[in-house]
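Structure at a glance
Read off the chains here:
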Amino acid sequence: MRKKLRNLGYVLFMSGTVLFGIMHLAISLYIPSLQSWGDPPGLLASVLSEIAGWVPYTLSIAFMIIGAFLIAIDLSNNSGLWQNQSELDTAPKKKAKID
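Residues numbered from 1 in each chain as written. Predicted model: local features only at pLDDT ≥ 70, side-chain atom pairs only at ≥ 80, totals over all residues. Heavy atoms only, no water.

1. Quick word on the overall build of the protein
Within the protein one finds three helices and zero strands. Listed N to C, the secondary structure of the protein is α-α-α in terms of helices and strands. A burial count over the protein gives 19% of its 99 residues as buried. In the protein, of all internal contacts separated by at least 6 residues, the share reaching a separation of at least 24 is 68%. Of the accessible surface of the protein, which amounts to about 7,700 Å², a share of 68% is contributed by carbon and sulfur atoms. (Helix = DSSP H or I, 4+ residues; strand = E, 2+ residues; numbered from the N terminus. Buried < 20%, exposed > 50% of the residue type's maximum accessible area, 1.4 Å probe, protein only. Contact = heavy atoms within 4.5 Å. Areas by Shrake-Rupley, 256 points an atom, 1.4 Å probe, with all protein chains shown as cover.)

Here it is, written out as structure tokens:
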């Protein structure tokens, strides 16, 4: 189950990163043809409104945040396992009896 969540975290983070990059490419390609933009919302908000890109832009950020959260949870769970394993390695070992 942990492996599935970790892989889901990797997939969400990478898909969010790719979608974020594609949205920034679309924004940069649309900026030269933008007629006017207001100072309060800014250039990015004006372009996102013009190309109807708010949903994919916020979705990409949400994917990256959820994916990073799942990866961080998996890393924190695995670090506890490593600590328990290192404690077992440092415990005194019994010598085997040789007859």
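So, next bit.
2. Quick look at helix H2 (residues 42-50)
All of the buried residues in H2 are Gly42, Ala45, Ser46, Val47 and Leu48. At the exit of H2 stands Ala52, carrying a positive phi of roughly 55°.

3. Observations regarding the side chain of Ser60
By the element assignment, Ser60 lies in helix H3 (residues 54-90). Taking relative accessible area as the criterion, Ser60 reaches 0% and is therefore assigned buried. For Ser60, the residues in contact, after removing those within four places along its chain, are Gly16, Leu19 and Phe20.

4. Quick notes on the nonpolar core
Core analysis: the biggest nonpolar cluster contains six residues, these being Met23, Ile27, Leu34, Val47, Leu48 and Tyr57. When residues of this core are traced back to their parent elements, those giving at least two are helix H1 (2-30) and H2. With residues near it in sequence (within four places) discarded, Val47 still touches Ile27, Tyr30, Ile31 and Leu34. (Core = buried A, V, L, I, M, F, W, Y, C linked by side-chain atoms within 4.5 Å.)

5. Looking at H1
Compared with an ideal rise of 1.5 Å per residue, which puts 29 residues at 42 Å, H1 spans 42 Å between its outermost C-alpha atoms and is within 8% of the ideal. Residues of H1 that are buried include every one of Gly9, Leu12, Gly16, Met23 and Ile27, and no others. (Expected span 1.5 Å × (residues − 1).)

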